[in-house]
Amino acid sequence: MNKVLVLGAGQLARMMELAGTPLNLDVKAFDVRSDKVVSPIYPDRIYGDLQQGIANADVITAEFEHVKHDVLAECEQSGKLFPTSESIKIGGDRRLEKALLESCNAANAKHYFINTKADFDNALAQLSLPIIFKTALEGYDGKGQWRLKSAADIDSVWQEMSEFLASAKETQGIVAEQMVPFDRELSLVGVRRVNGDVAVYPLTENHHTNGILSVSLAAPVDSQLQDQAGTVFKALSGKLNYVGVLAIEFFQVGEQLLVNEIAPRVHNSGHWTQQGADTCQFENHLRAICDLPLGGTQLIRPTAMINIIGEDSVSDDVLSIPSVTMHWYKKGKRAGRKMGHINVSGDNEQQLAERLQKLASILCKQAFPDLADFANAYVNKTK
Ligand code: AMP
């Protein structure tokens, strides 16, 4: 079993190919824009259409959750798709996601589904301000959201949302969610094999800039929180009979974790595992879907990941910092686009914090606006 087809030909498929090649796995990707099977690293190399890709693959997986349902159905019919189309669809529809969380008793923000003005009024009556409204389908990186903070804005928010619903496809809807006064955003990346074996990475602390993940920090974590997250991971992945890497995003409120959302795939907040863990998330995803023994998920050294957003170069001086690695995705430059990431590790958190501070002093402030503040706070915390 060594031929893998990934639905989606972006950076996640690319990093799967990079991780799979040493394992003797042959990773190809179905580019949903061209409808062609390509090499994720060399997208000019074309290997036919979807039908040929399915026929040639031993296993099929996905790098994003918004794959067209007819493509998922075709892949599932082949018996080669991992995780199941049900799991992938749940990641792409907040209503299904909430239903899964409820069925597993996984704590999450109080919420209501909205299609009509009556639903909207009901949500307002049941929730207190501030409320966040999210499109049920096609939302990512904070897109497709409205925040209602003051009663004075109720009419204008409904006006915008009703116009959006009227112009959207019939299956679209909105989820109203209680805004949670969280202390931190954390995520758990874990992996489950066909036989039910589960391994989870340490919880990762995530920071966003303009709604996009900017920094993920993996360092030793409180065991109570880690156990809580692990229990949620086992419940959700078991319920779905999940195979592969699954990411769960949490809000930490005091000692409690509330699930924000799940991603049925390798995840941006797990990119640090390339340098900070025994086995990276990309290799573990491939191991799971190819039914190979899972690799260790232990943190081997504190590591941070910094996303490069909208820039196609950084100063070469960053490479003068010890334990810095660059990961470019070879994508065309566009504002707001994830172009690559930097991983940086330290023997301990203090050393990592100092290296982050050095990195922030080299990188352009406009492109990495929050990095210096983050690094300075981390240096003070680890002193
Ligand atoms: P999402 O697309 O659901 O991950 O939301 C994007 C960002 O909005 C999250 O990373 C949070 O910073 C914020 N957010 C989403 N839902 C809530 C919530 N219920 N309470 C507070 N902040 C939220």
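Here we summarise the structure given alongside this text. Note that the structure is predicted; figures quoted are calculated from it, not measured. (Residues numbered from 1 in each chain as written. Predicted model: local features only at pLDDT ≥ 70, side-chain atom pairs only at ≥ 80, totals over all residues. Heavy atoms only, no water.)

1. Some thoughts on helix α10 (residues 281-289)
- Most of α10 sits inside the fold, with 9 of its 9 residues counted as buried.
- Within α10 the residues assigned to the buried category are Gln281, Phe282, Glu283, Asn284, His285, Leu286, Arg287, Ala288 and Ile289.
- Following α10 by one or two positions, Asp291 adopts a phi angle in the positive range, close to 60 degrees. (Buried < 20%, exposed > 50% of the residue type's maximum accessible area, 1.4 Å probe, protein only. Helix = DSSP H or I, 4+ residues; strand = E, 2+ residues; numbered from the N terminus.)

2. Description of the side chain of Arg193
- In this fold, Arg193 is placed in the loop between β9 (184-192) and β10 (198-200).
- Judged by its relative accessible area of 14%, Arg193 is buried.
- Looking at Arg193, its side chain comes within polar contact range of the main-chain oxygen of Leu292, at 3.3 Å.
- Beyond its immediate sequence surroundings of up to four residues, Arg193 is in contact with Tyr242, Val243, Ala288, Asp291, Leu292, Pro293 and Leu294. (Polar contact = N/O pair within 3.5 Å; in protein donor to acceptor, adjacent residues only side chain to side chain. Contact = heavy atoms within 4.5 Å.)

3. So, the packing of helix α11 (residues 349-362) against helix α12 (residues 371-382)
- The geometry of α11 relative to α12 is characterised by a closest axis approach of 8 Å and an angle of 155 degrees between their N-to-C directions. Between α11 and α12, the angle is such that the two are roughly antiparallel. For the pair α11 and α12, the sense of crossing is left-handed. Of the residues in α12, those touching α11 at Glu349, Gln350, Leu352, Ala353, Glu354, Leu356, Gln357 and Ala360 are Leu371, Ala372, Phe374, Ala375, Asn376, Tyr378, Val379 and Thr382.
- Partitioned by chemical class, the residues of the contact of α11 with α12 number 10 nonpolar, 4 polar and 2 charged. (Axes fitted to C-alpha atoms, helices over the stretch in contact; angles between N-to-C directions. Parallel < 35°, antiparallel > 145°, perpendicular 65-115°, else oblique. Left-handed = near helix turned anticlockwise from the far one by under 90°. Nonpolar A, V, L, I, M, F, W, Y, C, P; charged D, E, K, R; others polar.)

4. Description of the site of the ligand
- Around the ligand, the surrounding shell holds 17 residues, and the nearest of these are Lys134, Gln145, Glu177, Val180 and Glu185.
- A distance of 3.0 Å separates an oxygen atom of the ligand from a polar side-chain atom of Asn260.
- In the complex, 92% of the free accessible area of the ligand, which totals 470 Å², lies under the protein chains.
- At the level of secondary structure, the elements contributing two or more residues to the shell around the ligand comprise β6 (131-135), β7 (145-148), β8 (174-178), β13 (244-253) and β14 (256-263).
- Residue assignment places the shell around the ligand across two domains, with domain 2 (110-178) and domain 3 (184-382) each supplying three or more. (Near = heavy atom within 4 Å. Areas by Shrake-Rupley, 256 points an atom, 1.4 Å probe, with all protein chains shown as cover. Domains from an automatic or database assignment.)

5. Some words on the pairing of β7
- By the alternation rule, side chains of β7 split into Trp146 and Leu148, which are all buried, and Gln145 and Arg147, of which none is buried.
- Bridge count for β6 against β7 is 4 bridges, and the pairing is antiparallel. Residue Lys134 lies in a different strand from β7, and its bridge partner there is Gln145. (Pairing = 2+ DSSP bridges.)

6. Quick notes on unusual backbone geometry
- Pro83 follows Phe82 through a cis peptide bond whose omega is -5 degrees.
- For Pro83, the location among the structural elements is in the loop between α3 (69-77) and α4 (85-91).
- Residue Pro130 is bonded to the preceding Leu129 through a cis peptide linkage, with omega at 0 degrees.
- Here Pro130 shows up in the loop between α6 (117-126) and β6.
- Its identity is not glycine, yet Lys330 carries a phi of approximately 60 degrees, on the positive side.
- When its relative accessible area of 62% is taken as the criterion, Lys330 is described as exposed.

7. Details of the side chain of Glu205
- When you line up the elements, Glu205 lands in strand β11 (residues 204-209).
- By relative accessible area, which is 13% here, Glu205 ends up buried.
- Of the polar contacts made by the side chain of Glu205, one reaches the side chain of Arg184; its length is 2.7 Å.
- The contact partners of Glu205, leaving out residues within four places of it in the chain, are Arg184, Glu185, Leu186, Val215, Ser216, Leu217 and Phe374.

8. Here we look at the sheet that holds strand β3 (residues 36-38)
- Reading across the sheet, the 4 strands line up as β3-β2-β1-β4 and stay open at both edges, with mixed pairing between neighbours. Each end of this open sheet is capped by a strand with a single partner; those strands are β3 and β4 (59-62). Between one strand and the next, the sheet's axes are offset by a mean angle of 30 degrees, whatever the strand orientation.
- Sitting on the sheet, α10 is in contact with β1 (3-7), β2 (26-31) and β4, with an inclination near 140 degrees to β4.

9. Some points on the packing of aromatic side chains
- Applying the stated criterion across every chain, the model contains 6 aromatic pairs.
- Residues Phe374 and Tyr378 carry aromatic rings whose centres are separated by 6.0 Å and whose planes lie at 25 degrees to one another, so their mutual orientation is stacked. Here Tyr378 and Phe374 lie together in helix α12, a separation of 4 residues that amounts to about one turn. Comparing Phe374 with Tyr378 shows no difference in burial state: the two are buried.
- Grouping aromatic residues by their ring pairs yields a cluster made of Phe120, Phe133 and Trp158.
- The aromatic ring of Tyr47 is capped on one face by Lys28, whose charged end is 4.3 Å from the ring centroid.
- Of note, Arg45 hangs over the ring of Tyr42, and the distance from its end group to the ring centre comes to 4.2 Å. (Phe/Tyr/Trp six-rings, centres within 6.5 Å; stacked < 30°, edge-to-face > 60°. Lys NZ or Arg CZ within 6 Å of the ring centre and 35° of its normal.)

10. Re the pattern of salt bridges
- All told, the structure shown has 12 salt bridges when counted by the stated rule.
- Note that Arg33 and Asp31 form a salt bridge whose closest N and O atoms lie 3.5 Å from each other.
- Assessed through its relative accessible area of 68%, Arg33 is described here as exposed.
- For Glu177, the salt bridge is made with Lys98, and the minimal N-O distance between the two is 2.9 Å. With Glu177 in strand β8 and Lys98 in helix α5 (residues 94-103), the pair connects residues that are 79 residues apart, well separated along the chain. Comparing Glu177 with Lys98 shows no difference in burial state: the two are buried.
- Through salt bridges with shared partners, a single ionic network connects Lys98, Lys134 and Glu177. (Salt bridge = Lys/Arg side-chain N within 4 Å of Asp/Glu carboxyl O.)

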